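Next come the chains, spelled out residue by residue.
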Amino acid sequence: MGGITGWVDFNRDLRSDTTVAEKMSAAIRHRGEHPGEFFTPECILLHRGSLGGSEGRQSMKRTVGGEQYSIVLDGKLFDGSDVRSELAQKGHYFLDNSDAETVLCAFIEFGAECLGKLNGVFAFAVWLSREKTLFLARDRIGVKPLYYKAYNGGLLFGSEVKALFSNPLCPAEIDNDGLKQIFLLGPGKPSGSGIYRGICELRHAEYLIFGKNGLKTQKYWSLMARQNLESMTEAAEHTRRLITDSVCAQLNIAEPFACFLSGGLDSSIISYIAAEALGCESKTLSTFSIDYENNDTHFEKNEFQPERDGAFIKCMSDFIGSHHTHRLLKTADVAETLTEAALARDLPGMADVDSSMLLACREAKKHFPVFFSGECADEIFGGYPWYHNEELLNRDTFPWSNSLEMRTKLLKPGVLQGNAEAFVRTHYDNTVKSTDTLESDSPRDKRMREMFMLNFEWFMQNLLDRTDRMAAQSGLAVRVPLCDYRLVEYAYSLPWHLKAADGREKGIMRRAFRGVLPDMIVNRKKSPFPKTFDPWYFGYVKSGVRALLRDKTSILGDLLNAEYLETLLNGKASDAPPWYGQLMRLPQAFAYLLQIDALFKEYGVKLY
């Protein structure tokens, strides 16, 4: 876990702005207590890390051929030893085993092409002192965040937007495009968008070069369709081999670790592989799960959550012999942490799904510094209902967001300029058009590739951002081995009849681990991250929204259609369509509004 931020300006001596730099660094202190810094007249690089010692060092500098290179890095390499071996053969020397030194030497040797050699999760910045050029880059999948703002003669960047807000050159403003993203697309957002005016997100698999001649960005990796002629047996073996290799590569860490275990297929696979690896060292894996108080009486079975996790967690923990810790979250704590979760993301998020993950990470950190999570299998292996429900699959819009009418009616007429439906449609079409397909693809396979890209570019990026922010806010490092780019590339190549083996969601994963994991786990229907069903929570968020409607200092009074909102407040939790995905329904939509208000007040956001 770590974080980076920095500032380049060719029109001032930044060594006189150390106070501002300290504020930028302090804004991301939660990402690591160990600071690192590098100052020149034109550039400030800042780093926050969680580990001391040489292996944990994530900032350094080196002079080669008269050029001084300085780096700050947030992230982890999983092929670092291989990269160091190649670089050593080319004459590079290493003072330690840090990823920062490995990446820096790779950049010195290969320039931007070094990114093709790195398997890991990262965001980093390199400053070339003689050339006076800044280089920023992000990992292929986008596990580690990075934002920037360019202005005349300068550029600010940071792992989180709040670091940019700490600089007076970056006021917190939202224009109409940002409002439309929040209210029509949120909590999803377009790749590359920082939502706030003037702030951009460095896209996944993208690098940026900034110098006196200006700024340019370049994509260095993208998903390409490749023909796959494997048999079902071959595909299952290939899937098992790639997943196992990815998990094992990420287990090679010095810190103690544990696994989140929900009893679902994804977390069970990772926990099994981790337990086997530790067993070879005569060690026992620790696993961790959560639920909510009163869910034993208030749980409501639905098509997305057909049963609770408890029995499946016990089955898997007993099977692998893990030391299991189960924690019950208090509903009041989940509610009261909504604001902190929004501030952790700098944006309204998935409401209590975010705040409960924040609390879970905070509890987990009491036991281990590193946890493994099963994020992203549903996006790349077809686990969501919209891959299998024909109506959702063929609906010409984002399948996880069918609430456009509710979203637009929630706002006063004229708040959003332009046509709301056209705005959403443009973003949808742009993603679909970016999908690479094969001429031999059947219409169904073509649509499934489009669905893959929609999930990869939107839903998956949102979940990765949630995981990173909630973990970082808690001082926890979370590994997501099912995001290995090799696994993502392979999953994209799989034709649908292989991916959906036996007509099941994530069918090829089930085939891959059938006979390895208990049948009870392999056959379990996909179930999402648990949420509270306590009616108290619905009452809490309704009361909060009603209070904000009376609050003259709240931006919501200027934005919301109070008459329509009142009809929702007087309704039942199940009256309105889902706001986003499977879990965000009416209670979460109200919580989303509370988070918007909290962000505007905390950052002093102005409408532009």
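Look up a bit, the structure's there.
Reading the values: rules and limits
- In this convention, every chain numbers its residues from 1, walking through the sequence in written order.
- Local features in this predicted model are restricted to residues of pLDDT 70 or higher, and side-chain atom pairs are both shown and tallied only at a pLDDT of 80 or more, whereas totals for entire chains, interfaces and linings draw on every residue.
- Computation of side-chain values covers all heavy atoms of the structure but excludes hydrogens and water.
- Convention adopted: a line fitted to C-alpha atoms gives each axis, helices being fitted over their contacting stretch, and angles between N-to-C directions are expressed from 0 to 180 degrees.
- Helix numbers and strand numbers start at the N terminus; a helix is a DSSP run of H or I with at least 4 residues, a strand a run of E with at least 2.
- Here is the rule for angles: anything less than 35 degrees is roughly parallel, anything more than 145 is roughly antiparallel, 65 through 115 is roughly perpendicular, and the remaining ranges are oblique.
- Handedness of a crossing is defined here by the sense of rotation of the near helix relative to the far one, left-handed for an anticlockwise turn of less than a right angle and right-handed for a clockwise turn.
- In what follows, residue pairs with any heavy atoms lying within 4.5 Å of each other are defined as contacts.
- In this classification, Asp, Glu, Lys and Arg are treated as charged, Ala, Val, Leu, Ile, Met, Phe, Trp, Tyr, Cys and Pro as nonpolar, and every other residue, Gly included, as polar.
- For every residue, the accessible area (1.4 Å probe, protein chains only) is compared with the maximum for its type, and the residue is labelled buried under 20%, exposed over 50%, or partly exposed between those bounds.
- As used throughout, the charge tally considers Lys and Arg to be positive and Asp and Glu to be negative, leaving His and the chain termini uncounted.
- When a carboxyl oxygen of Asp or Glu lies within 4 Å of a side-chain nitrogen of Lys or Arg, that pair is called a salt bridge.
- Nitrogen and oxygen atoms within 3.5 Å of one another constitute a polar contact, given that in protein one can donate a hydrogen and the other can accept it, and given that sequence-neighbouring residues count only through two side-chain atoms.
- Each residue after the first adds 1.5 Å to the expected span of a helix.
- Two strands qualify as a pair provided that DSSP identifies no fewer than 2 bridges between them.
- To qualify as a nonpolar core, a set must consist of buried Ala, Val, Leu, Ile, Met, Phe, Trp, Tyr and Cys residues joined through side-chain atoms within 4.5 Å.
- Disulfides are defined as cysteine sulfur pairs within 2.5 Å.
- Working definition: rings of Phe, Tyr and Trp (its six-membered ring) pair if their centres are within 6.5 Å, and the pair is stacked with planes under 30 degrees apart, edge-to-face with planes over 60 apart, and tilted otherwise.

Section: the packing of helix α22 (residues 535-550) against helix α24 (residues 562-569)
Contact pair α22 / α24: the axes reach a minimum separation of 11 Å and the direction vectors enclose 160 degrees. The pairing of α22 with α24 is recorded here as roughly antiparallel in orientation. The way α22 lies across α24 gives a crossing that is left-handed. Seen from α22, the contacting residues are Lys542, Val545, Arg546 and Leu549; seen from α24, they are Leu565, Glu566 and Leu569. Tallied by class, residues from the contact of α22 with α24 come to four nonpolar, no polar and three charged.

As for the side chain of Asp79
For Asp79, the location among the structural elements is in the loop between β5 (67-77) and α2 (80-89). Salt bridges are absent for the buried Asp79, whose nearest opposite-charge side chain, Arg140, sits at 6.9 Å. Polar contacts involving the side chain of Asp79 include one to the main-chain amide nitrogen of Asn119, which spans 3.1 Å. The residues contacting Asp79, other than those within four sequence positions of it, are Lys117, Leu118 and Asn119.

Things to note about helix α9 (residues 310-320)
For α9, the complete set of buried residues consists of Phe312, Ile313, Cys315, Met316, Ser317 and Ile320. In the core, the buried residues of α9 are packed alongside α7 (265-279), β15 (286-292), β16 (323-329) and α21 (519-522). Trailing α9 by a residue or two, Gly321 shows a phi angle of about 70 degrees, which is positive.

Focus on helix α6 (residues 232-251)
With 20 residues, α6 should cover 28 Å at 1.5 Å per step; its first-to-last C-alpha distance of 29 Å lies within 8% of that length. Residues Ala235, Ala236, His238, Thr239, Leu242, Ile243, Ser246, Val247, Gln250 and Leu251 constitute the buried set of α6.

Some thoughts on the sheet that holds strand β2 (residues 34-39)
One open sheet holds the six strands; their spatial order is β2-β3-β1-β9-β8-β11, and the pairing between them is antiparallel. Sheet topology places β2 and β11 (200-201) at the edges, where each strand pairs with a single neighbour. Direction of pairing for β2 relative to strand β3 (residues 43-49): antiparallel, over a ladder of six bridges. Residue His34 lies in a different strand from β3, and its bridge partner there is Gly49.

Observations concerning the environment of Arg447
Tracing the backbone shows Arg447 in helix α17 (residues 443-473). When its relative accessible area of 12% is taken as the criterion, Arg447 is described as buried. Through-space distance from the C-alpha of Arg447 to that of Trp496 is 9.8 Å; in sequence the pair is 49 residues apart. Not counting residues within four places of it along the chain, the set of residues in contact with Arg447 comprises Leu393, Arg395 and Tyr428. Reaching out from Arg447, the side chain makes a polar contact with the side chain of Tyr428 at a distance of 3.1 Å.

Here's the deal with the nonpolar core
By size, the foremost hydrophobic cluster in this structure holds 170 residues, and its most contacted members are Ile141 and Tyr196. In terms of residue count, α17 provides more of this core than any other element does, 13 residues in total. For Tyr196, the contacting residues outside a window of four places in its chain are Val161, Phe165, Glu173, Ile174, Asp346, Leu347, Leu599, Tyr603 and Val605. If you look at the next biggest cluster of nonpolar residues, it comprises 24 residues, including Tyr69, Ala106, Phe107 and Leu115.

Some thoughts on the state of the cysteines
Per the counting criterion, the structure on display carries zero disulfides. For the unlinked cysteine Cys259, the closest cysteine sulfur is that of Cys248, found at 11 Å. Judged by relative accessible area, Cys259 falls into the buried class, the value being 0%. This cysteine, Cys280, is not joined by any disulfide, and Cys248 carries the nearest cysteine sulfur, 8.9 Å off.

Examining the packing of aromatic side chains
Tallied over the full model, the rule gives 32 aromatic pairs. With a centroid separation of 5.8 Å and 15 degrees between ring planes, the pair formed by Tyr387 and Trp496 is classed as stacked. With Tyr387 in the loop between α13 (377-381) and α14 (390-394) and Trp496 in helix α19 (residues 496-499), the pair connects residues that are 109 residues apart, well separated along the chain. You'll find Tyr387 and Trp496 in the same group, each marked buried. Centre to centre, the rings of Trp400 and Phe459 are 5.4 Å apart; their planes meet at 50 degrees, and the pair counts as tilted.

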